[in-house]
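Spelled out from the first residue to the last, the chains are:
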Protein chains: 2
Amino acid sequence: MASKMVYSFGGPKTDGNGGMRNLLGGKGANLAEMAKIGLPVPAGFTITTEVCTAFYESGKQFPPNLKKDVEAALAGVEKQMGAKFGSSENPLLVSCRSGARVSMPGMMDTVLNIGLNDKTLAGLIAKTGNPRFAYDSYRRFVAMYGDVVMGIKDAMKVSHDPFHQLLDKAKETKGYNLDTQMTVEDLKDLVAAYKKLYKDVFRKPFPEDPMEQLWGAIGAVFDSWMIPRAKDYRSLNHIPEDWGTAVNVQAMVFGNMGDDSATGVAFSRDPATGENYFYGEYLVNAQGEDVVAGIRTPNPINRARPLPAGVKVSLADEMPELYKELDDVRIALEKHYHDMQDIEFTIQQGKLYMLQCRNGKRTGHAAVKIAVDQVKEKLITKQEAILRFEPDHLVQVLLPFFDKNSDEFKKASPVASGLPASPGAAVGQAFFSAADAEAQAKNGKKVILVRQETSPEDIKGMAAAQGILTSRGGATSHAAVVARGMGRPCIVGAAIDVDHDKKCFSVGQLVVKEGDFISLDGAAGKVYKAALPAKNIELPPEFSTFMGWVDDEMKMKVRTNADTPFDAKVARDYGAAGIGLCRTEHMFFMSDRIDHFRKMILADNLEERKKALAAILPMQREDFYEIFKAMDGLPVTIRTLDPPLHEFLPHTEREIADLAKKFHLKAEDVKSRINALHEQNPMLGLRGCRLGILYPEITEMQARAIFEAARKAAAEGVTVLPEIMIPLIGTEKEFALQKKVVDDVAKEIFGSSGKKVDYLVGTMIELPRAALVADKVVGAGAQFFSFGTNDLTQTTFGLSRDDSGMFLPQYVDELRIWTKDPFVTIDTEGMGQLMEIGVARGRKMDRQLKVGICGEHGGDPDSVKFCYSQGFDYVSCSPHRVPVARLAAAQAALQMKAAKTSGKGADKAAAQKAPARTLRPASRGVGRPAAKAGKNDKWKKELAVKLVQDIAPMTKESVGALKRGTAKTKKAGRPKK
Amino acid sequence: MASKMVYSFGGPKTDGNGGMRNLLGGKGANLAEMAKIGLPVPAGFTITTEVCTAFYESGKQFPPNLKKDVEAALAGVEKQMGAKFGSSENPLLVSCRSGARVSMPGMMDTVLNIGLNDKTLAGLIAKTGNPRFAYDSYRRFVAMYGDVVMGIKDAMKVSHDPFHQLLDKAKETKGYNLDTQMTVEDLKDLVAAYKKLYKDVFRKPFPEDPMEQLWGAIGAVFDSWMIPRAKDYRSLNHIPEDWGTAVNVQAMVFGNMGDDSATGVAFSRDPATGENYFYGEYLVNAQGEDVVAGIRTPNPINRARPLPAGVKVSLADEMPELYKELDDVRIALEKHYHDMQDIEFTIQQGKLYMLQCRNGKRTGHAAVKIAVDQVKEKLITKQEAILRFEPDHLVQVLLPFFDKNSDEFKKASPVASGLPASPGAAVGQAFFSAADAEAQAKNGKKVILVRQETSPEDIKGMAAAQGILTSRGGATSHAAVVARGMGRPCIVGAAIDVDHDKKCFSVGQLVVKEGDFISLDGAAGKVYKAALPAKNIELPPEFSTFMGWVDDEMKMKVRTNADTPFDAKVARDYGAAGIGLCRTEHMFFMSDRIDHFRKMILADNLEERKKALAAILPMQREDFYEIFKAMDGLPVTIRTLDPPLHEFLPHTEREIADLAKKFHLKAEDVKSRINALHEQNPMLGLRGCRLGILYPEITEMQARAIFEAARKAAAEGVTVLPEIMIPLIGTEKEFALQKKVVDDVAKEIFGSSGKKVDYLVGTMIELPRAALVADKVVGAGAQFFSFGTNDLTQTTFGLSRDDSGMFLPQYVDELRIWTKDPFVTIDTEGMGQLMEIGVARGRKMDRQLKVGICGEHGGDPDSVKFCYSQGFDYVSCSPHRVPVARLAAAQAALQMKAAKTSGKGADKAAAQKAPARTLRPASRGVGRPAAKAGKNDKWKKELAVKLVQDIAPMTKESVGALKRGTAKTKKAGRPKK
């Protein structure tokens, strides 16, 4: 051990800084950084990860000089804290915590209150004047030491905590229910009992020597690096064993040492409104948990806002100098971290200590205001404001939300939860069929549609509802996709039992009947049996300023998935640069059309099928015409028919009988046709281009509707930019066959009219095979790619989005097999490779190839960033997600730019290879910027991984580099949330 | 046009050869090769593809000197044929055919009988003595010329052939039904009518000048390169436009020019038995079509076998010199092509002409005998015998087959057809439930099981049946997979309507009832309503000699998919080197177990589930014990539970009620559990390792059964080599979690017994994501990969094997979107990439990683070859496919070796990089040969593509090179079948 083994912080000197994560661990580096910028953190020191490695290499021996170095550092802590480790008058107590390079939550051990013994206890009582607190701390310390350091459970071969059993026994004897009922005398007895148990088991008394305690704790933390649960965690998370853990020893401070002590929490700005004043609460002579517990009501720290009724004093009044010091900290913090901070502080006997600071949580409205204000204050640049803006905050301002401060909300507890499929707050009366929902909404009621699952026939009922709740399906089930498209809050796969016949749902004994009021918190996936107060969308005045900055930085387009002229208009208002996906099948579901479509399906010969299609043609044409008008000057991507045909047919005996009657068919024949269309795995069956290939007349009709609508709109002066998209291509021949059908129709229509509308024909890349042969698909004439990441996720993972609910929660939440639901955020590690392959091969054939994404991922910020890193031209998402995607696109562009100018070795090298991207005009035919997709695959991938890891806002340094345009070593000194 | 434009063949000199395919087209090169080796082909010449290119480059002008060159070549043809083009006494007629570099069947034009006019017609009549033939030829020529050369349909703007209409009118007038009823006079009139129509349309008379006819035909062939259907075909098949087509002009010969003329077909050995004598038939004064048509009965060409009753004479008797010449041709042919040849010949006025020769079709038995005989005759080497052996011939000798020469078979016509799921001939009475089939078979009846589809519960009935017929499912449906495993002929997805209630199936009006005899031709997918005569398996005496040679050349192991001790034994007899896939779920379906398994599924808590599993444990243990014994010394790969649980549960109301009663449960509860397990797309749902992860107790029980069985067998001296395989892995964490369960059980069992059995834990690679992260899966501890290509095909294509029947026939047969059913033969172009990625990444982490395949593709020869090219250690297939896979493995090894020594530029370079492969001993731990998978990806892929394209037997040259071990330019002069 030649190098430095112990790094002090918070005392006379601080040796480390935030960039020394590998050596000091995450926690140690963070503590050093806080001390470095002048925050009064309780003093302490970090034993390096190298010591841990040496400890194991030498058969669990501490290096020879460590003892000396620790003692020296401890002396510094004593000096700084004005207390002495082991002193009976003025005892210093310390904590001992693990801290690895990357967080391994709960995997390793911690020991608190080290230094307590019978002698120092007296000092603690004297200092705090609170014997109960002192004894309670003592008993906890004995138990923690016995468990963590000595391993009492292993020694006794039991699985439960024997100390806790003694506590339970004591309470039972006294007839107490709560720990808080224990008196000082009770606790005294308990400490004695704990010590006796310790002695009985280990055949030696509990160590009174504080240094012995400390070394025991340090050894225990090192030992905990190798306990099975930590090893398993590392092996699953690919954390090398030789990284080791650091050990942090830090002085403990107490806000309950009398009336010159206090504790509190504060925000550097108002987290609810974003207003720029120092906002916070404190309690004199209290511990942090007292503020949180709500037994005593804390006071405001100042009079920036009128004091609440009954409150007479603020911290600024009581301890003006300390308040001034705290306010200085506030200013220093915003200067250092460039963001609103959330602070925990303790005043111990007239001295201020910062226990924690981190970026403060805030409402969406506050986030917008703070961002714009801080730019105006020149505290941050517009770019910083964009980079650190959390996409969820935009979602919040764009959707209704519950008033979480209302008494009703605070009192309410959810009766069920499910997958949060579409965010927002919805309140209304429960109805159990689309027809009922629609009818009741027409009567002026606010309704929530509750179904086992939804199908395309429920669309009108969904549109009429405030929100949608289902008991089945996953994040990309029909209900989820459609609800997001409509901007309706939605919870799917909820743990409720829906009975459509009885028009109710139940959760255990609780029954919710038709007409009962319920509330859905779409973002949290919580269901309440009450009408909770919700706030409607109310954009903060700073919103448009902020989005204007976003647009200035965006280098990738954001389109929308819209199937109706109305959706198209909404999306355009939200800033969509075109339609990336218009699902023609949704048009078929309207009641005046579905019968024609059903006739088409039930036709048993070409002629009848064509007759039915001819009846649909004018309707589709009219839809397209209206959409083209709404999107004047912007591209409109229309996908040909995609879903399995049987989705359009009725399923119950009764519906079948009705249909047969209407069509003058035998019910048996209808049933037999439905059976013939039945598939074991419809997701992998006769759908997508397979339909158009077997029944070219369908594609032909759709192409005709598109081109006739385009001709009509163009004749009226509308700039029409149709892009026709063939779904579920697996081979280039499929594409070539369908393109020919489309081109032939175009030739026929424009040939005879003389007026030509330019159009593109492209394809979805939504099967692994399509990505693998993407070059051939372009060779067969594809003019653009749109990644259908819903299907691509399904096939890459072999995972049906409808069925994944059976194990997805365990996979994501419990086992962490997937860190995120792959239907929500692109799996960059696996599926991302296929996307990269697809783009590279496609652009190998056509460097101008337009590439986009139209899966549900198009509205997910992480996924948007990945798409940018892969050189996509656009992402497409639900209308209500367009602003979020715009933000993510701008963030991605800024991050890549910053990576280019920052000094981080590999990142920099990679990013400097990245071509400058420029925004392309809306019309096609304009050259792609200098992107050389084929050659730059590697950097893109590296950068993509980086981007996704680094979705938290950027550090000051890299943003600084961005501003100055100069390279500078990036420091990681900023506390992460 | 500096280079030679016209290449003569069959005359005094032959300019080209079989290697000049690019210049002369396939047909031209082939004709030259035949002439070159001394076959008397009718003389002719080829105008090169370069002329075609020049023709288009110069605006459809013939190059200046072409006329001269053609005339010179034509003079050579006249000289050789002893006839004169345009002569009225001794006219030479020629044909004019297209011939591109690669075959474009039916895409371009042909003109026959060029040179016929009113004058030369007289000569033809004189030479043939057959005015009817002459006039019929003439009318056909006029019509063909008018259509092909002049484009009469376009000129008249009609879609039907106007000449044919005239023929129809003439027949109608005369009251004829058949063309053959037309008399000479009728035909004379028709020629006149044709010529009049020609003149009316084109305003000029039909050209009498033979040279004008010839140039018209040459121009028409060139023109046909650019007709839309040819362009479409090229664009779909990626054939460059600038390749152009060659034009072949060849003398026509006639076997009906009198008694010194004849025509016949022959084989160089007996194609039915393989015996080495000259086998053939001929007719004097006849055309080839007369032999085929069967109006006159042809005579044998010699007396090698007794003449049939009533036949007095053979060709050897009638024309001994010509027979001698033909026999010399036979010997020359076998020497040149090293294989039994199928010959078409014509004798025109005492002169022998070879019209065609190609490798002769033969029975499986003949194939084996010919191969072994030719090696003994030193005509070919063992390696050549192996290389050119068709895998289907092995299938034939290993399975019962219909006597296709029997009158019954000849008379029978199939009543329905379906997908050929498992080859072989099956004859029996139709039964419509597994129970009925089983019962009737016990009564001694031969039964065919007919079902809409089969499920695992039908296994006993399937085993009892001679064959299986279903109306649903694809090549890898349950019925297909199980039937192949059992070696039962099987047809799936047949176009029949199965009514289980009425116990019958119907095809249109035809109804097949219970007990009716039917016959299945499994290889052809044909169903007959009759008991056709079938021959049982009878291995030819040369079989074991041949398979011995195969084993000497094989460098990759062949394992088997076997779920029972019986299957394991059968496979071992067929030469299996271990079990590559033992599906544990099949064991659960036996009637004494399924109830325990169902109890496990229906359990609603861990304890009950464990109880049910404990009841299954001893049964599984016993199975594994028997399998280990049967496979003493060979590895046994056991897959943990894979299918969705609901496959094990009953589905009808009645079955559910029965089960509920048996288990003392409420039917409603059982139904609700079944509903809870219902999935939209079970193939993508809760199955594979997802089951073992949600219910680790299942994996634990299976591991326990395996290890306890292994311990028991090992204690008895059996060498046990278990390899435990985790299915449907998509992430390394899934694998790690399941491996831990297995390892923990092993530790427990072997820890306590002291006897340790080595085992491996590996994974299926059957999801695209698994292939993409294969390195990480190895990093998580996977010790082998087995590619599950059934599932990998499903997910790569987004294609359910159960549902693909709805469009697979159109995709494969009509539209040629897939050249082969991807469930039968590995899609090397798409899925092959994922396999390559998986192998490369897996071996990057562990160069010794054992890699195999256990999908249905493991028994498909092309797929076996692909696996070899990718460096697989083994393939695994159904027991009955093991010999076929062994053959394919040997062929692949020889082909790769040959590619290394042959002189073909890229191939050679690629193959020379290939490491020498050696067979690995059966036990693990032995080093892999020098294969460097990661580095050699490129050559492997190239070679793989080559191998798959080149599955036809090798050319003489490359085999020659193999023998001599020297590099030599490979000639492509051999006619391909």
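Right above here is the structure, for reference.
Draft legend 1. Local environment of the overall build of chain A. Counting its regular elements, chain A contains 40 helices and 33 strands. Relative to a compact globule of 977 residues, whose C-alpha radius of gyration would be 30 Å, chain A shows 33 Å and is just as compact. Oriented by its inertia axes, the alpha-carbon framework of chain A measures out at about 100 × 65 × 60 Å. Counting only residues that meet the buried cut, chain A has 59% of its 977 residues in that class. In chain A, once contacts between residues fewer than 6 apart in sequence are set aside, the share between residues at least 24 apart is 68%.

Draft legend 2. Expanded view of the packing of aromatic side chains. According to the stated counting rule, one finds 58 aromatic pairs over all chains in the structure shown. Centroid distance F389 of chain A to F546 of chain A: 4.5 Å. Interplanar angle 35°. Geometry classified as tilted. Note that F389 of chain A is positioned in the loop between α15 (382-387) and α16 (391-397) and F546 of chain A in helix α21 (residues 543-553), a separation of 157 residues in sequence. Each member of the pair, F389 of chain A together with F546 of chain A, is buried. For the ring pair F62 of chain B and F222 of chain B, a centre distance of 6.3 Å and an interplane angle of 45° mean the geometry is tilted. Of this pair, F62 of chain B sits in the loop between α2 (49-57) and α3 (66-81) while F222 of chain B sits in helix α9 (residues 210-224), placing them 160 residues apart in sequence. An aromatic cluster is built from F55, Y56, F62, W215 and F222 of chain A, whose rings are joined through pairwise contacts. Above the face of the W225 of chain B ring, R234 of chain B is positioned so that its terminal group lies 3.8 Å from the ring centre. When the ring centre of Y353 of chain B is taken as reference, the NZ or CZ atom of K351 of chain B above it lies at 5.1 Å.

Draft legend 3. Just the interface of chain A and chain B, in detail. Between chain A and chain B, the residue contacts involve 55 residues of the former and 55 residues of the latter. Both faces considered, chain A and chain B share a buried interface measuring about 5200 Å² in area, 59% of it formed by carbon and sulfur atoms. When the buried area of chain A at its contact with chain B is split by residue, L684, K733 and R769 of chain A rank highest and sum to 14% of it. A salt bridge links D827 of chain B to R769 of chain A; the shortest N-O distance between them is 2.7 Å. At the junction of chain A and chain B, the tally comes to 26 residue pairs in polar contact (both at pLDDT 80 or more). Elements that contribute at least two residues to the side of chain A that touches chain B include exactly α10 (228-237), α27 (667-677), α28 (689-694), α30 (732-753), α31 (768-772), α33 (789-797), α34 (808-814) and α35 (831-845) of chain A. Looking at which element gives the most residues to the side of chain A that touches chain B, the answer is α30 of chain A, with six residues. Residue composition of the side of chain A that touches chain B, by class: 25 nonpolar, 14 polar and 16 charged.

Draft legend 4. Structural context of the relation of the copies chain A and chain B. Overlay of chain A on chain B (RMSD 0.1 Å): rotation 180°, translation along the axis 0.1 Å. Here the copies are linked by what is in effect a two-fold axis. Here 100% of the contact residues of chain A are again contact residues in chain B; the copies associate through an equivalent surface.

Draft legend 5. Quick look at α3 of chain B. All names here are of chain B. Given a rise of 1.5 Å per residue, 16 residues ought to cover 22 Å, and the 22 Å separating the end C-alpha atoms of α3 matches this to within 8%. Turning to α3, its buried residues number three or more, namely L66, V70, A73, L74, V77, E78 and M81. An end-on view of α3 places all buried positions within 150° of arc, on one side of the element. What points out from α3, more than 90 degrees from its buried face, is the exposed set K68, A72 and K79. Phi turns positive, to about 65°, at G82, one or two residues after α3.

Draft legend 6. Structural context of helix α5 (residues 131-149) of chain B. An ideal rise of 1.5 Å per residue puts 27 Å on 19 residues; α5 of chain B measures up with 26 Å between its terminal C-alpha atoms. Note on α5 of chain B: the residue one or two positions beyond its end, G151 of chain B, has a positive phi of about 65°.

Draft legend 7. Quick look at unusual backbone geometry. Of note in this structure, K378 of chain B is not a glycine but carries a positive phi near 60°. Position of K378 of chain B relative to the elements: it lies in the loop between α14 (364-376) and α15 (382-387).

Draft legend 8. Inspection of the environment of E700 of chain B at higher detail. All names here are of chain B. With respect to the helices, strands and loops of the structure, E700 is situated in helix α29 (residues 696-715). For E700, a relative accessible area of 24% gives the class partly exposed. Between the C-alpha atom of E700 and that of V741, which follows or precedes it by 41 residues, the distance is 6.0 Å. Not counting the four nearest positions on each side in its chain, E700 is found in contact with V741 and V745. Among the polar contacts made by the side chain of E700, one reaches the side chain of R704 at a distance of 2.8 Å.

Draft legend 9. Structural detail: the sheet that holds strand β2 (residues 44-47) of chain B. Residue and element names in this part refer to chain B. Taken together, five strands build an open sheet; the order of strands is β1-β2-β7-β5-β6 and the sheet is antiparallel. For this open sheet the edge positions go to β1 (6-9) and β6 (110-114), each flanked by a neighbour on one side alone. On average, each strand axis in the sheet is tilted by 20° relative to the strand beside it, whichever way the strands run. Pairing of strand β5 (residues 94-100) with β6, which is carried by three bridges, proceeds in the antiparallel orientation. The residue bridging C96 from the neighbouring strand is V111, located in β6. Contacting β1, β2 and β7 (245-251), α3 crosses the sheet at an angle of about 160° to β2. Where α9 meets the sheet, its contacts fall on β2, β5, β6 and β7, and the angle it forms with β7 comes to roughly 150°.

Draft legend 10. View of the pairing of strand β18 (residues 467-470) of chain A. Residues and elements named next belong to chain A. Burial of β18 is two-sided: the residues G467 and L469 facing one way and the residues I468 and T470 facing the other way are all buried. Relative to β18, strand β17 (residues 447-451) runs parallel, the two sharing four bridges. When the bridges of β18 are listed, V450 appears paired with L469. This β-α-β element, β17 to helix α19 (residues 459-464) to β18, shows right-handed connectivity. Note: β18 against strand β19 (residues 490-492), two bridges, orientation parallel. Directly across from L469, in β19, lies its bridge partner I491.

Draft legend 11. Summary view of the side chain of E708 of chain B. All names here are of chain B. Within the secondary structure, E708 is located in helix α29. Overall, E708 belongs to the buried group, its relative accessible area being 14%. Residues contacting E708, with those up to four places away along its chain left out, are L617, R621 and I749.

Draft legend 12. Local environment of the sheet that holds strand β10 (residues 299-300) of chain B. Residue and element names in this part refer to chain B. In spatial order, the strands read β10-β9-β8-β11-β12; together these five strands make up an open sheet with antiparallel pairing. On the outer flanks of this sheet lie β10 and β12 (351-359), each paired with one strand and no other. The sheet contact formed by strand β8 (residues 262-267) and strand β11 (residues 341-348) spans six bridges and is antiparallel. Looking at β11, one finds that F267 is bridged to D342.

Draft legend 13. Quick look at a negative patch on the surface. All names here are of chain A. A surface patch of negative charge is lined by D604, E607, E608, E668 and D669. Put simply, the parts of the chain that give the negative patch at least two residues each are α25 (606-630) and α27. Relative accessible area serves as the criterion here: at 40%, E608 is assigned to the partly exposed category.

Criteria and thresholds
Residues numbered from 1 in each chain as written. Chains lettered and ligands numbered in written order. Predicted model: local features only at pLDDT ≥ 70, side-chain atom pairs only at ≥ 80, totals over all residues. Heavy atoms only, no water. Helix = DSSP H or I, 4+ residues; strand = E, 2+ residues; numbered from the N terminus. Rg over C-alpha atoms; globule rule 2.2 N^0.38 Å. Buried < 20%, exposed > 50% of the residue type's maximum accessible area, 1.4 Å probe, protein only. Contact = heavy atoms within 4.5 Å. Phe/Tyr/Trp six-rings, centres within 6.5 Å; stacked < 30°, edge-to-face > 60°. Lys NZ or Arg CZ within 6 Å of the ring centre and 35° of its normal. Buried area = accessible area lost by both parts, 1.4 Å probe. Salt bridge = Lys/Arg side-chain N within 4 Å of Asp/Glu carboxyl O. Polar contact = N/O pair within 3.5 Å; in protein donor to acceptor, adjacent residues only side chain to side chain. Nonpolar A, V, L, I, M, F, W, Y, C, P; charged D, E, K, R; others polar. Least-squares fit on C-alpha atoms with pLDDT ≥ 70 in both. Expected span 1.5 Å × (residues − 1). Arc of directions from axis to C-beta. Pairing = 2+ DSSP bridges. Axes fitted to C-alpha atoms, helices over the stretch in contact; angles between N-to-C directions. Right-handed = clockwise from strand over helix to strand, strands pointing away. Patch = residues over 30% accessible without salt bridge, like charges linked within 9 Å, V, L, I, M, F, W, Y side chains within 5 Å. Areas by Shrake-Rupley, 256 points an atom, 1.4 Å probe, with all protein chains shown as cover. Lys, Arg positive; Asp, Glu negative; His and termini not counted. Charge placed at Lys NZ, Arg CZ, Asp CG, Glu CD.

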